Amino acid sequence: MKKFFPAAAIICVLIIIGITSCERKKDKREKPAAGIECPEFSADSAFQYVKRQTDFGPRVPNTEAHANCAAFLVAELGRFCDTVEIERFDVKAYDGTVLHSQNIIGRFAPENERRIILASHWDSRPFADHDQNEANREKPIDGANDGASGVGVLLEVARQLAARNPKIGIDIIFFDAEDYGTPSSVDLPGDWWGLGSQHWARQAAATGYNAEFGILLDMVGASDATFYHESFSAYYANDIVSKVWGTANKLGYGQYFINESAHPITDDHLYVNKYANIKMIDIIHQDKKSGTGFPRVWHTLDDNISNIDKNTLSVVGTTLLAVIENL
Ligand code: AHN
Ligand code: ZN
């Protein structure tokens, strides 16, 4: 009996440690409220997908980095999607430069009549026109947040979807030539942003393509990201805004997905709404306190991989998977 007691005590202590460490693990995983499906999204994988893009250098149309990154995106989508399609087009930018561009589209269940779109732009801005340092303003940006973050999240979403075979058709669209818009020093009327989505949406309208709705990601990688009800999204597709923000809030992501309206942004979703007549929302980081209305690093050389936060990528990716799972 004397010998047994210490052994029993040790076993008790081990059991207690076991129970408490399990509880701690549970807390860390930020389990969502019961009743909502929560598939696993790998923040590490999404981060690597962002880094793989910025490692090519700035993905400005007509550059080698742009061509190399396109090949990478086609290959990655090819691993996960049922089909991959490249839509090539030439388009004139505000300064007369002809941009050799490509929208890259990966489809799940292409035969399914019921479809949704997940999109992001994959090009990066040719100049850091909002950099504090004037000497940097003609240099191209890495666009880790502005471009690569949305694509990184969607590549990881594609990897997850391949593993679980979604019941609905899903088109993942990487728009090109979004970010070649007029620099702040140039005041020229015209639709100079979202050139790739304008091309895609006109094509979609001409060929009778349709989808139930779409979700655009733009700048979804900063640590302090705040996503508001961007006004074009609320105007064209308020039911989708409610669905996405409602899902995020149920998952416990209310500090990111804020139920407040914010300025309209001329982004790819506007042209999909206007020209393709498909309702698309924009999950875009808007900062109500910054001078530009966008995050601090927007269109500066500081928009690089060192300012990407895995947690934010995960919050957005997990929300998308939950939205899909609960359709
Ligand atoms: C305008 O500034 C008019 N649109 C911003 C769209 C954008 C640029 N999103 C990311 N970069
Ligand atoms: Zn931009």
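Residues numbered from 1 in each chain as written. Chains lettered and ligands numbered in written order. Predicted model: local features only at pLDDT ≥ 70, side-chain atom pairs only at ≥ 80, totals over all residues. Heavy atoms only, no water.

**So, the coordination of the zinc ion (ligand 2)**
Then step 1. Donor atoms from the polypeptide that bind the zinc ion (ligand 2) are Asp146 (OD), Asp179 (OD), Asp179 (OD) and His299 (NE2), placed at 1.9 to 2.5 Å.
Then step 2. Within one chain, the residues serving as donors to the zinc ion (ligand 2) are arranged as D-x32-D-x119-H. Highlighted residues: aspartate 179 in the loop between β4 (169–175) and α5 (195–207) and histidine 299 in the loop between β8 (280–284) and α8 (310–325), separated in sequence by 120 residues.
Then step 3. Among the residues examined, histidine 299 registers a relative accessible area of 1% and is labelled buried. (Donors = N, O, S within 2.8 Å, 3.2 Å for Na, K, Ca; no water. Helix = DSSP H or I, 4+ residues; strand = E, 2+ residues; numbered from the N terminus. Buried < 20%, exposed > 50% of the residue type's maximum accessible area, 1.4 Å probe, protein only.)

**Considering the sheet that holds strand β5 (residues 213–218)**
Then step 1. Within the open sheet, the 6 strands sit side by side as β1-β2-β4-β3-β5-β8. Their pairing is mixed. Edge positions in the open sheet fall to β1 (83–92) and β8, since each of these has one partner strand only. Averaged over all pairs of adjacent strands, the angle between strand axes in this sheet comes to 20 degrees, irrespective of strand direction.
Then step 2. Here helix α3 (residues 64–80) sits on the sheet and contacts β1, β2 (98–108) and β4; the angle it forms with β2, its principal contact strand, is near 10 degrees. (Pairing = 2+ DSSP bridges. Axes fitted to C-alpha atoms, helices over the stretch in contact; angles between N-to-C directions. Contact = heavy atoms within 4.5 Å.)

**Here's the deal with unusual backbone geometry**
Then step 1. For alanine 177, which is not glycine, the phi dihedral falls at a positive 50 degrees.
Then step 2. Take alanine 177: it is sitting in the loop between β4 and α5.
Then step 3. One non-glycine residue with positive phi stands out, namely methionine 219, at about 65 degrees.
Then step 4. Along the polypeptide, methionine 219 turns up in the loop between β5 and β6 (227–230).
Then step 5. Note on methionine 219: relative accessible area 3%, which makes it buried.

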